[in-house]
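# Per-entry structural report
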Amino acid sequence: MFVLWYTSLSWKEYRKSETMVDAAVLEKLEGGFQKLKSSDSKSLLNKYLSQETFDNLKTKKTSFGSTLLDVVQSGFENHDSGVGLYAPDAEAYTVFADLFDPVIEDYHFGFKKTDKHPPKNWGDVNVFGNLDPNNEFVVSTRVRCGRSMEGYPFNPCLTEEQYKEMEEKVSSTLSGLEGELKGTFYPLTGMSKDVQQKLIDDHFLFKEGDRFLQAANACRFWPSGRGIFHNDAKTFLVWCNEEDHLRIISMQMGGDLGEVYRRLVTAVNDIEKRVPFSHNDRLGFLTFCPTNLGTTVRASVHIKVPKLAANKAKLEEVAAKYNLQVRGTRGEHTEAEGGVYDISNKRRMGLTEFDAVKEMYDGIAEIIKIEKEL
């Protein structure tokens, strides 16, 4: 207290200076906001960041020091964003709720701010079988989820030390996995050309983020603290500090969703015992992007349906009935190569993990049935 008196700052003023948003940040916010509003951006950020909301949030900060600028800078820079905002830390969803809540409601099928995501429930893991036992339609199956480690902010606010510390924790946690999950962790830092080529050939290696992530400050200190783990059979994969702290992925060739799902559930439960995850009673599991909350589960197949491919309207109709997303072979904004589509569940919030995967399972079963009948 003596020091504070000596510097002629009262304790109240000292605390205020700690929590105040500095002038340079405010200036960037004001400039970016004016540019966004005079653009023809179709982003959810532009749709929901009104003058009133902006004025209400521009001076707020989380305890990690994140400001509104950390939330919106990607959408300010990229007016062609679909969403345009990210959470710099787990608290941001609460501190900047006036902006996040309507975006979440819009994106996640009317998940309102009064709604509550159900508790985690993987259900009976033996319910799902093989969607395509004769290997006629399904090329491959994949189920993934995102997780954040409790006590750490998300990408824009992580220091290089924290990146390294997290990589160390993840690496030692994964090295404890046994049975079919047993594998090797490959840090991106100092990776040899041979290992790099092997991971590229397997389509396992992730690249530095695209311009949307770059603008969100999600790629700082690259490649520090980033790494890839995969099991010996190459059916289980973990990305460390790509877009999220952890991306946990189970996959294999063919249509045995049951086997893929059981492997993922076993792995997530095992990792969770050793690493506590960021979770919110209302929003479920918290990650960097508001499109990936709740269960964070994406279950997908690469599927060959030449007859339905010739009748895209019918394919879209069935997909809509089961809340499925139809994308090109290599994901969003790509073409279907050789009639092969990437089809996945769309809903991640307001339903359990089991139900999210079941929508995909039932929808794909229906798509295969129709393809056989055509």
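Cut-off values and rules
- Residues numbered from 1 in each chain as written.
- Predicted model: local features only at pLDDT ≥ 70, side-chain atom pairs only at ≥ 80, totals over all residues.
- Heavy atoms only, no water.
- UniProt positions renumbered as here; feature names shortened; annotations may be inferred.
- Helix = DSSP H or I, 4+ residues; strand = E, 2+ residues; numbered from the N terminus.
- Rg over C-alpha atoms; globule rule 2.2 N^0.38 Å.
- Contact = heavy atoms within 4.5 Å.
- Lys, Arg positive; Asp, Glu negative; His and termini not counted.
- Charge placed at Lys NZ, Arg CZ, Asp CG, Glu CD.
- Axes fitted to C-alpha atoms, helices over the stretch in contact; angles between N-to-C directions.
- Parallel < 35°, antiparallel > 145°, perpendicular 65-115°, else oblique.
- Left-handed = near helix turned anticlockwise from the far one by under 90°.
- Nonpolar A, V, L, I, M, F, W, Y, C, P; charged D, E, K, R; others polar.
- Phe/Tyr/Trp six-rings, centres within 6.5 Å; stacked < 30°, edge-to-face > 60°.
- Lys NZ or Arg CZ within 6 Å of the ring centre and 35° of its normal.
- Buried < 20%, exposed > 50% of the residue type's maximum accessible area, 1.4 Å probe, protein only.
- Pairing = 2+ DSSP bridges.
- Expected span 1.5 Å × (residues − 1).
- Arc of directions from axis to C-beta.
- Domains from an automatic or database assignment.
- Buried area = accessible area lost by both parts, 1.4 Å probe.
- Salt bridge = Lys/Arg side-chain N within 4 Å of Asp/Glu carboxyl O.
- Polar contact = N/O pair within 3.5 Å; in protein donor to acceptor, adjacent residues only side chain to side chain.
- pLDDT = per-residue confidence, 0-100.

In the annotation of an unreviewed UniProt entry, the entry for the chain reads arginine kinase, and the organism field reads Photinus pyralis. Per UniProt, the chain has the following entry under Sequence similarities (unreviewed entry): "Belongs to the ATP:guanido phosphotransferase family."

Looking only at helices and strands, the chain has 15 helices and 10 strands in total. Taken against the 2.2 N^0.38 rule, which gives 21 Å for 374 residues, the C-alpha radius of gyration of the chain at 22 Å falls within 12% of a compact globule. Long-range contacts, defined as pairs at least 24 residues apart, comprise 73% of the intrachain contacts of the chain with a sequence gap of at least 6. One way to put it: in the chain the 48 positive side-chain charges average out to a point 1 Å from where the 56 negative ones average out.

In this section: the packing of helix H14 (residues 312-321) against helix H15 (residues 353-373). When two helices pack together, their arrangement is given by the angle between the helix axes and by the axis-to-axis distance. Taken N-terminus to C-terminus, the directions of H14 and H15 make an angle of 150°; their axes are 9 Å apart at the nearest point. Classed by the angle they form, the pair H14 and H15 counts as roughly antiparallel. With respect to the hand of their crossing, H14 and H15 are arranged in right-handed fashion. Across the interface between the two elements, Lys-314, Leu-315, Val-318 and Lys-321 from H14 touch Gly-363, Glu-366, Ile-367 and Ile-370 from H15. Taken together, the residues that form the contact of H14 with H15 break down as 4 nonpolar, 1 polar and 3 charged.

Counting across every chain of the model gives 11 aromatic pairs. Over the face of the ring belonging to Phe-285 we find Arg-147, whose NZ or CZ atom lies 3.6 Å from the ring centre. Above the plane of the ring of Tyr-163 lies Arg-226, whose end atom (NZ or CZ) is 4.0 Å from the centre.

What follows covers the pairing of strand E4 (residues 236-240). Counting buried residues along E4, 5 of its 5 residues qualify, which places the element largely inside the surrounding structure. Judged from the 4 bridges that link them, strand E3 (residues 227-231) and E4 form a sheet pairing that is antiparallel. Bridge pairing in E4 links Ile-228 to Trp-239. Here E3 folds back onto E4 in antiparallel fashion, the turn holding 4 residues, of which Lys-234 has a positive phi close to 60°. By the bridge criterion, 5 bridges tie E4 to strand E5 (residues 246-253) in an arrangement that is antiparallel. The residue of E5 that forms the bridge with Val-238 is Ile-248. Where E4 folds back onto E5 in an antiparallel hairpin, the turn is made up of 5 residues, including Asn-241, whose phi is positive at roughly 60°.

For the rest of this paragraph, the subject is helix H9 (residues 160-174). Its 15 residues place the ends of H9 21 Å apart at the C-alpha level, agreeing with the 21 Å of an ideal helix rising 1.5 Å per residue. Those residues of H9 not exposed but buried are Tyr-163, Met-166, Glu-167, Val-170, Thr-173 and Leu-174. When H9 is viewed along its axis, its buried side chains cluster within an angular range of 135° and face the same direction. In this structure, H9 carries Glu-161 and Glu-168 as exposed residues pointing more than 90 degrees from its buried face.

All right, on to helix H12 (residues 257-274) then. The α-helix advances 3.6 residues per turn, and as a result positions three or four apart in sequence lie on the same side. The first and last C-alpha atoms of H12 sit 26 Å apart over 18 residues, in line with the 26 Å expected at 1.5 Å per residue. Among the residues of H12, those classed as buried are Leu-257, Gly-258, Val-260, Tyr-261, Arg-263, Leu-264, Val-265, Ala-267, Val-268, Asp-270 and Ile-271. Buried residues along H12 sit in contact with strand E1 (138-147), H9, E4, E5 and H15.

It is worth spelling out the domain arrangement of the chain at this point. Interface extent is often summarised as the accessible area lost during association of the parts. Splitting the chain by domain gives domain 1 (8-108) and domain 2 (138-373). Inter-centroid distance (C-alpha atoms) of domain 1 to domain 2 is 28 Å. Contacts between the two partners involve 21 residues from domain 1 and, on the opposite side, 25 residues from domain 2. Taken together, both faces of the contact between domain 1 and domain 2 bury some 2,000 Å²; the carbon and sulfur share is 62%. When the buried area of domain 1 at its contact with domain 2 is split by residue, Tyr-86, Tyr-93 and His-108 rank highest and sum to 31% of it. The tally of links between domain 1 and domain 2 comes to 2 salt bridges. Residue Arg-211 is joined to Asp-80 by a salt bridge in which the shortest nitrogen-to-oxygen separation is 2.6 Å. Taken together, the links from domain 1 to domain 2 amount to 8 residue pairs in polar contact (both at pLDDT 80 or more). For the side of domain 1 that touches domain 2, the element with the most residues is helix H8 (residues 97-107), which contributes 4 residues.

The subject of this paragraph is the confidence of the model for the chain. Confidence in the prediction for the chain averages 92 pLDDT; 93% of positions are at 70 or higher. Considering only residues more than four positions removed or in separate chains, one finds that residues 1-17, a stretch of pLDDT under 50, has 6 contacts.

With that settled, the discussion passes to unusual backbone geometry. The peptide bond linking Trp-222 to Pro-223 adopts the cis configuration, its omega dihedral lying at 0°. Looking at where Pro-223 falls in the secondary structure, it is placed in the loop between helix H11 (211-215) and E3. A positive phi angle, near 60°, is found at His-203, a position not held by glycine. Examined against the element boundaries, His-203 turns out to sit in the loop between helix H10 (193-201) and H11. By relative accessible area, His-203 is classed as exposed at 68%.

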